Amino acid sequence: MAEQKPKIRSVKYNVLMNMILTTSSFIFPLITVPYVSRVIGPDGMGAISWAQTFVSYFSLVAVLGINAYGIREVARVRNDQEKLSAVTQELMTILVVSTAITYAVFLLTTFTIPKAREDEPLMLIFGASIWLTSCGINWFYQGIEQYGYITARNLVFKALGLVLMFAFVHQSSDYRTYAVILIIGSAGSNLFNLIKLHEYVHFNRHRKLNIRRHFKPMFSFTVSSISSGMYGQLDMLFLGFLGTNNAMGLYQLVAKIRNIAGSAVNSVGSVMLPRLSYYESQEDGHDRTSRLVAKNLNFLFIAGLLFIAGIVICADPIILILGGQQYLGARLALIISSLTILFSPINTILSQYMIARGQEKLYAIINTIGLVGGVMLCLSLIPTFGIAGAALSSIGIEIITLVLRGFFVRSFLREITRHLDFGRIFIAFALSSLIGFATAHAVHGINVFGQFIICALAIGVPYLALLLLFRESFICSILKPIIAKIVAKVRRK
């Protein structure tokens, strides 16, 4: 069967699909987290979270940075069927070898490290995700910008995971069953990526593969991917080693809330790498890159500050809704950790710009510095401050890497300054936050759902109104076409 040429959609379509996926990442946990947090409890959730974190480090090593490198390489050759097939076959060959070696090391450490041996069946369950993650080839579908397929596939398996959770998880002893369901819901869909792959590329046993050509450019991606992935979860890893399952159980709720909000904020930025790589490969593409990054940064500030205000003001209602009374000890850690909702997505978009510009070595160096700094922060803060120390460590890591990235791309940042509206956004944030704090004080003591909804509206509505009043560029660019269509329809009537 002849391979089809991938249909490349607009950035707006890709963003829409990714926002739908992000919304599902927000909605599904709102259903699952309150249920499993209460049924399994902090201790069981702590054991699951540490096992996930431990295994994720092996997944990072197994993929060798191909998640980012593969997106760039596939995006560059997506219009040439033969080159696309060759690149995909070469990268998949590398992945199979690296994953086999990594999985062998994982088994060895699982049966030798005391912390891992506390629950070997749980470790082996999550160990399956090493293969599912590596062979999922999400980088291919992102490189050819098939975000509609990615979204549909993920939604189906998340719904399946939801059904299985309610069917089989009923008591604290079902935490291993829940672990299996997590694997099915998060990575089970990756098997369909392999089945669908033949529609776009063809594998040939007789094709002369040039695998070695990837080693040198991949090295920086490998170092940066492993180091950034590691520093992104150092707080969880070290808290597991230095704390208790109960502390992990409290902090995993913080991490879930932070990740849900961070995914929502990063819904635009996470689809930008293929387009940035394409623009930067064109002779006249840099100006389009500048406008795209500036627009994205405006969105990050708008959404990031909104979520920070919401979490700081509504911390207690959020915890009580998602976890219950037994998780209130995580309040301070949640408030501290909320700052990463803004810093992490900005780090992501600056990293994507550096990758698109071919600055992988510098990107890797920054991530390595962040990893070393993160280890030092975790070792110094967690033993003293517990889960609050873990939250402080995560903030410190993001600040270190953000400052370094900002320094090395400072000329580009100066170039896009004229497109940024940070001043207007911050004023709107400050004023709406004051309204939110006053409202939270007034409604304190009523039902937690009522508190959350009222406070969220008290923050969000004035925030959006002020941004419109200040004529913030991103909001205006989104609303102008909508208003124009409405006006046109009214005139036709």
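Here the structure is a predicted model, which means the values were calculated and not measured.

## Considering the overall build of the protein
For the protein, the helix and strand inventory stands at 23 helices and zero strands. Its C-alpha atoms give the protein a radius of gyration of 23 Å, within 12% of the compact-globule value 23 Å for 493 residues. Structurally, the protein occupies a C-alpha span of about 70 × 65 × 50 Å along its principal axes. Across the protein, contacts joining residues at least 24 apart in sequence account for 84% of those joining residues at least 6 apart. Working note: accessible area of the protein is about 21800 Å², and carbon and sulfur atoms make up 67% of it. Averaging the locations of the 42 positively and 23 negatively charged side chains of the protein gives two centres separated by 7 Å.

## A look at the confidence of the model for the protein
With 93% of its residues at a pLDDT of at least 70, the protein reaches an overall mean of 85. Model confidence for the protein, summarised as mean pLDDT per element, is weakest for helix H13 (residues 272–280) at 56 and strongest for helix H16 (residues 331–337) at 96.

## Some details on the packing of aromatic side chains
The full count for this structure, using the stated rule, is 15 aromatic pairs. Relative to Phe241, the ring of Trp50 has its centre 5.3 Å away and its plane inclined at 85 degrees; by these criteria the two rings are edge-to-face. Here Trp50 is found in helix H1 (residues 11–63), whereas its partner Phe241 is found in helix H11 (residues 234–242), with 191 residues between them in sequence. Summarising the aromatic geometry, the rings of Tyr103 and Phe106 are spaced 5.7 Å apart at their centres and angled 35 degrees between planes, so their arrangement reads as tilted. On the criterion of helical spacing, the pair formed by Tyr103 and Phe106 is a turn pair, its members being three residues apart in helix H3 (residues 81–110). We classify Phe106 as buried; its relative accessible area is 0%.

## Considering helix H23 (residues 473–492)
Here H23 spans 28 Å end to end across 20 residues, near enough to the 28 Å set by a 1.5 Å rise per residue. At Leu479, H23 shows its strongest bend, of approximately 30 degrees, with the proline Pro481 following within four residues. Among all positions of H23, only Phe474, Ile475 and Cys476 are buried.

## Overview of the environment of Asn18
For Asn18, the position within the fold is in helix H1. Asn18 sits 462 residues away from Lys480 along the chain, and the two C-alpha atoms are 22 Å apart.

## A few points about the nonpolar core
With 137 residues, the main nonpolar core has Trp139, Phe140, Tyr141 and Tyr251 as its most contacted residues. Leave out the neighbours within four places in its chain, and Tyr251 touches Asp235, Met236, Leu239, Arg258, Ala333, Ile387, Ala390, Ala391 and Ser394.

## Description of the layout of surface pockets
There is about 310 Å³ of room inside the second largest pocket. Considering the residues around the second largest pocket, the lining is formed by 19 residues, among which Ile313, Asp316, Pro317, His444 and Gln451 are closest to the centre. Of all the secondary-structure elements, those providing two or more residues to the lining of the second largest pocket are helix H14 (286–313), helix H15 (315–322), H16, helix H21 (422–443) and helix H22 (448–469). Looking at which element gives the most residues to the lining of the second largest pocket, the answer is H15, with four residues. Its residues assigned to classes, the lining of the second largest pocket shows 13 nonpolar, four polar and two charged.

## A short note on the environment of Ala247
Residue placement: Ala247 occurs in helix H12 (residues 245–265). Expressed as a C-alpha distance, the spacing of Ala247 and Val487, which sit 240 residues apart in the sequence, is 55 Å. Every residue in contact with Ala247, bar those within four places of it in the chain, is listed here: Leu239 and Ile387.

## Let's talk about a nonpolar patch on the surface
On the surface, a cluster of nonpolar side chains totalling about 320 Å² of accessible area is made up of Ile27, Leu30, Ile31 and Phe166. Considering the arrangement of structural elements, one finds Phe166 in helix H7 (residues 147–168).

## Focus on the pattern of salt bridges
Evaluation of the coordinates by the stated rule reveals nine salt bridges. With its nearest N and O atoms 3.5 Å apart, the salt bridge here joins Glu73 to Arg76. With Glu73 and Arg76 both in helix H2 (residues 66–77) and three residues apart, this pair spans about one turn of that helix. Residue Glu73 is classed as buried on the basis of its relative accessible area of 12%. Here Arg176 ties to Asp119 by a salt bridge, and the two come within 3.0 Å at their closest N and O atoms. One end of the pair, Arg176, is in helix H8 (residues 175–187); the other, Asp119, is in the loop between helix H4 (114–117) and helix H5 (120–134), with 57 residues separating them in the sequence.

## Overview of the packing of H7 against helix H9 (residues 190–197)
At a closest axis distance of 10 Å, the pairing of H7 and H9 adopts a crossing angle of 140 degrees. Taken together, H7 and H9 sit at an angle that is classed as oblique. Considering the relative orientation of H7 and H9, their crossing is right-handed. Across from Tyr149, Arg153 and Phe157 in H7, the residues of H9 making contact are Asn190, Phe192, Asn193 and Lys196. For the contact of H7 with H9, the per-class residue count stands at three nonpolar, two polar and two charged.

## Description of unusual backbone geometry
Even without glycine at this site, Leu64 takes up a positive phi of about 55 degrees. Here Arg471, not a glycine, exhibits a phi torsion of approximately 55 degrees, which is positive. Of note, Arg471 is situated in the loop between H22 and H23. On the basis of relative accessibility, which here comes to 55%, the residue Arg471 falls in the exposed class.

Criteria and cut-off values
What you see as residue numbers is a count from 1 along each chain, following the sequence as written. For a predicted model such as this one, the threshold for reporting local features is a pLDDT of at least 70, and the threshold for listing and counting side-chain atom pairs is 80 or more; totals across whole chains, interfaces and linings nevertheless cover every residue. Each side-chain value is worked out from all heavy atoms of the structure, with water and hydrogens disregarded. Labels follow the DSSP assignment, with helices taken as runs of H or I lasting at least four residues and strands as runs of E lasting at least two, numbered in each case from the N terminus. C-alpha atoms define the radius of gyration in this analysis, and the globule rule sets the expected value at 2.2 Å times the number of residues to the power 0.38. Here, two residues are considered to be in contact whenever any of their heavy atoms come within 4.5 Å of each other. For the accessible areas, the method is Shrake-Rupley and the probe is 1.4 Å, while residue cover comes only from the protein chains on display. Charge counting treats Lys and Arg as positive and Asp and Glu as negative, with His and both chain ends excluded. The atom standing in for a charge is NZ when the residue is Lys, CZ when it is Arg, CG when it is Asp and CD when it is Glu. The predictor attaches a confidence to each residue, and that confidence, scored 0 to 100, is pLDDT. Stacked, tilted and edge-to-face are the three classes applied to pairs of Phe, Tyr and Trp rings, where Trp contributes its six-membered ring and a pair requires centres within 6.5 Å; stacked means planes under 30 degrees apart, edge-to-face means over 60, and tilted covers the rest. For the exposure calls, accessible area comes from a 1.4 Å probe over protein chains only, and a residue counts as buried if that area is under 20% of its type's maximum, exposed if over 50%, partly exposed in between. One fewer than the residue count of a helix, multiplied by 1.5 Å, yields its expected span. Given a residue, its bend is the angle between the two axes fitted to the seven residues that end at it and to the seven that start from it. Throughout this description, the term nonpolar core refers to a set of buried Ala, Val, Leu, Ile, Met, Phe, Trp, Tyr and Cys residues connected via side-chain atoms within 4.5 Å. Detection works on a 1 Å grid of protein atoms alone, calling trapped sets that fit a 1.4 Å probe cavities and calling open sets with protein on both sides within 12 Å along at least five of seven lines pockets, with lining residues defined by an atom within 4 Å of a point. Grid points are joined across faces, edges and corners, and a volume is the space filled by probe spheres set on the points. Each residue receives one of three labels: charged for Asp, Glu, Lys and Arg, nonpolar for Ala, Val, Leu, Ile, Met, Phe, Trp, Tyr, Cys and Pro, and polar for the others, Gly being one of them. Residues enter patches when their relative accessible area tops 30% and they take part in no salt bridge; the joining distance is 9 Å for like charges and 5 Å for the nonpolar side chains Val, Leu, Ile, Met, Phe, Trp and Tyr. Any carboxyl oxygen of Asp or Glu within 4 Å of a side-chain nitrogen of Lys or Arg constitutes a salt bridge here. For helices, the fitted line uses only the C-alpha atoms of the stretch in contact; every axis is such a line through C-alpha atoms, and the angle between N-to-C directions lies from 0 to 180 degrees. To sort the angles, those under 35 degrees are grouped as roughly parallel, those over 145 as roughly antiparallel, those from 65 to 115 as roughly perpendicular, and the leftovers as oblique. Take the far helix as your reference; a near helix turned counterclockwise from it by less than a right angle gives a left-handed crossing, and one turned clockwise gives a right-handed crossing.

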